[in-house]
Amino acid sequence: MVMLLHFRHRLGLGVFLTALGVMHFMETYLAAVFYVSLPFGDVSPGSSVFFSGKLMMILMLYLQEDAATVRQPIYGLFLGNLLTVGIAGVLQLHQPLQVSPDHAPDVDFLKEMGWLMVWGTALLYVDSLGIILLYEKLGDFFRRRVVLRFMVSGFVLLTFDQIGFFAALHYFLDVPIAAFWGGWKAKMLAVCLYAAMFAVYEYRIRRVGSAAAARSISDVFGDLTFRERYNDLLERTGLDMLTGVYDRTRMELEAPLMLREASRQGLFATVLIIDADHFKDVNDGYGHLQGDEVLKAIAARLGTTLRSNDRVFRFGGEEFVAVCPGTNHEEGLLLAERLRWTIATSVQTPDDKPVTVSIGVATADEDGTSFTTVLSAADGRLYAAKKSGRNCVVGRSGVVKVS
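Residues numbered from 1 in each chain as written. Predicted model: local features only at pLDDT ≥ 70, side-chain atom pairs only at ≥ 80, totals over all residues. Heavy atoms only, no water.

## Some thoughts on the overall build of the protein chain
Working step 1: When helices and strands are tallied, the protein chain shows 15 helices and eight strands.
Working step 2: Split into buried and exposed, the 403 residues of the protein chain put 48% on the buried side. (Helix = DSSP H or I, 4+ residues; strand = E, 2+ residues; numbered from the N terminus. Buried < 20%, exposed > 50% of the residue type's maximum accessible area, 1.4 Å probe, protein only.)

What follows is the structure, given as structure tokens:
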């Protein structure tokens, strides 16, 4: 499931949501009929493994997507379970044929399962809302310890769920009280396992290609989606008409939010200032229309080289700013050097002379916490790159490479 979430943009979320639905049925069925004896008590793998994993995956889905996406499978599961109960009620009005002597239809069990699944989905709605709210609230105390927040949130909400769901199991199926403690201990162990898997995903997989996209929240799911609607509106505005990247006004609105969000998640964020070398000579020698073509070519290379979660803004004239969340200073220098090399080897003037860029690199919160401070640090390093002969990258330790 972790890998399904990681490749969600390539495979589509439908694969993930379908797997989630299958898990929901299996966990309810196993919680009703299948238990194993372990040293610390009787445990149902359906409740302890599947449900715990599903709730933690919903939290990961929230961190990677948005609240609107999280609520879709919950509503779908709830409606599907109500349909199961309704079908079971209709079936009870008919006398079924027993086509096999060894397999008698058990409509009563189907109805009990349906109500259990409805109750479980109602709990899942509350659990999902609670685990998101708790995760965000813990950010006030453990801002940079995302794995700890993930684990503590799981401990608290799965304890709540164990109480709520076991009450239904005891009522409908007379599951003995002794199974409560075994199931609770198993869920706590499952949280530890899933937290370890989340840590591997967080530090070994996700950060290679993208940064966390956790959303700020203040109330229930309707409020959680407000920011997504706001971002959708922003996507339609604030574009530089010449190059197609975001403009300076959009940068002043969005870049500070990106740095604050990265800081809240305990992530670095690196800012690059990219300036086309000797651009005045291009305008003077070939005309402003050819200069515009060079700027569009540079913007295109920036768009194809940077990652999907990075943002590129036209700062003014021949200068661009890239904001790269989840990127430390060393990674930012490597990215900047790749940009420099890509532009130098693929963008040319009309007489086939290479166009080069100089890049200044700064990182929050090592070079400051506010976007203005980090941008100022990157601008100073851009100036140092110009003084060093251009066509180079300058970071905190000086020139990275000159060619």
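Further notes follow.
## Quick look at a nonpolar patch on the surface
Working step 1: Together, Phe34, Val36 and Leu38 line one region of the surface with nonpolar side chains, adding up to about 220 Å² of accessible area.
Working step 2: One can find Val36 in strand E1 (residues 36–38).
Working step 3: Using a relative accessible area of 31% as the deciding quantity, one classes Val36 as partly exposed. (Patch = residues over 30% accessible without salt bridge, like charges linked within 9 Å, V, L, I, M, F, W, Y side chains within 5 Å. Areas by Shrake-Rupley, 256 points an atom, 1.4 Å probe, with all protein chains shown as cover. Salt bridge = Lys/Arg side-chain N within 4 Å of Asp/Glu carboxyl O.)

## Points about the layout of surface pockets
Working step 1: Estimates place the volume of the second largest pocket at around 170 Å³.
Working step 2: Here the lining of the second largest pocket is built from residues that sort into six nonpolar, three polar and three charged. (1 Å grid on protein atoms, 1.4 Å probe; cavity = no way out; pocket = protein on both sides within 12 Å on 5 of 7 lines; lining within 4 Å. Points joined across faces, edges and corners; volume = space filled by probe spheres on them. Nonpolar A, V, L, I, M, F, W, Y, C, P; charged D, E, K, R; others polar.)

## Structural notes on the nonpolar core
Working step 1: Formed by 28 residues in total, the largest nonpolar core has its most connected members in Leu272, Ile274, Ile298, Leu302, Leu306, Phe320 and Ile359.
Working step 2: When residues of this core are traced back to their parent elements, those giving at least two are strand E3 (269–276), helix H12 (279–286), helix H13 (288–305), strand E5 (319–325), helix H14 (329–346) and strand E6 (357–364).
Working step 3: For Leu302, the residues in contact, after removing those within four places along its chain, are Ile274, Val312, Phe320, Leu339 and Ile343.
Working step 4: Ile58, Ile131, Ala195 and Tyr201 belong to the second largest nonpolar core, which has 26 residues in total. (Core = buried A, V, L, I, M, F, W, Y, C linked by side-chain atoms within 4.5 Å. Contact = heavy atoms within 4.5 Å.)

## Overview of H14
Working step 1: The end-to-end C-alpha separation of H14 is 26 Å, in line with the 26 Å expected for 18 residues at 1.5 Å each.
Working step 2: Taken residue by residue, H14 has His329, Gly332, Leu333, Leu335, Ala336, Glu337, Leu339, Arg340, Thr342, Ile343 and Ala344 as its buried positions.
Working step 3: Two or three places before Glu330, at the start of H14, stands the capping residue Asn328, its side-chain oxygen 3.2 Å from that residue's backbone nitrogen. (Expected span 1.5 Å × (residues − 1). Polar contact = N/O pair within 3.5 Å; in protein donor to acceptor, adjacent residues only side chain to side chain.)

## Looking at the UniProt feature "transmembrane region" (unreviewed entry) in the protein chain
Working step 1: If you check UniProt for "transmembrane region" (unreviewed entry), the listed places come out as residues 12–37, 43–62, 74–93, 113–135, 147–173 and 179–201 in our numbering.
Working step 2: In residues 179–201, helix accounts for 100% and strand for 0%; the two terminal C-alpha atoms are 32 Å from one another. (UniProt positions renumbered as here; feature names shortened; annotations may be inferred.)

## Focus on the pairing of E3
Working step 1: Most of E3 sits inside the fold, with eight of its eight residues counted as buried.
Working step 2: Taken together, the eight bridges between E3 and E6 define a ladder with antiparallel strand orientation. When the bridges of E6 are listed, Ile274 appears paired with Ile359. (Pairing = 2+ DSSP bridges.)

## Details of the pattern of salt bridges
Working step 1: For the structure on display, the rule yields 17 salt bridges.
Working step 2: With a shortest N-O distance of 2.5 Å, Asp275 and Lys386 are connected by a salt bridge. Of this pair, Asp275 sits in strand E3 while Lys386 sits in helix H15 (residues 371–387), and the two are 111 residues apart along the sequence. Lys386 shares its class with Asp275; the two are buried.
Working step 3: Of the charged contacts, one joins Asp310 and Arg307 as a salt bridge, the two residues approaching to 3.1 Å between their closest N and O atoms.

## Points about the side chain of Thr305
Working step 1: Within the element layout of this structure, Thr305 appears in helix H13.
Working step 2: In terms of polar contacts, Thr305 uses its side chain to reach the backbone carbonyl oxygen of Arg301, at 2.8 Å.
Working step 3: Each residue touching Thr305, except ones within four places of it in the same chain, is listed here: Leu335, Arg338, Leu339 and Thr342.

## Re the packing of aromatic side chains
Working step 1: Evaluated as defined, the whole model comprises five aromatic pairs.
Working step 2: Seen in terms of ring centroids, Trp181 and Trp184 are 6.3 Å apart; in terms of plane orientation they differ by 85 degrees. Their pairing is edge-to-face. Here Trp181 and its partner Trp184 are both found in helix H8 (residues 178–209), three residues apart, which amounts to about one turn of the helix.
Working step 3: Grouping aromatic residues by their ring pairs yields a cluster made of Phe166, Phe180, Trp181 and Trp184.
Working step 4: Positioned above the aromatic ring of Tyr135 is the side chain of Arg149, whose terminal nitrogen or guanidinium carbon lies 4.1 Å from the ring centre.
Working step 5: Lying over the aromatic face of Tyr246, Arg250 brings its terminal NZ or CZ to 4.0 Å of the ring centre. (Phe/Tyr/Trp six-rings, centres within 6.5 Å; stacked < 30°, edge-to-face > 60°. Lys NZ or Arg CZ within 6 Å of the ring centre and 35° of its normal.)

## Things to note about the packing of H12 against H13
Working step 1: As a packed pair, H12 and H13 sit with axes 7 Å apart at the nearest point and diverge in direction by 140 degrees. As the angle between them shows, H12 and H13 are arranged oblique. Taking contact as the criterion, the partners of Phe279, Val282, Asn283 and Tyr286 in H12 are, on H13, His288, Gln290, Gly291, Val294 and Leu295.
Working step 2: For the contact of H12 with H13, a count of residues per class yields five nonpolar, four polar and no charged. (Axes fitted to C-alpha atoms, helices over the stretch in contact; angles between N-to-C directions. Parallel < 35°, antiparallel > 145°, perpendicular 65-115°, else oblique.)

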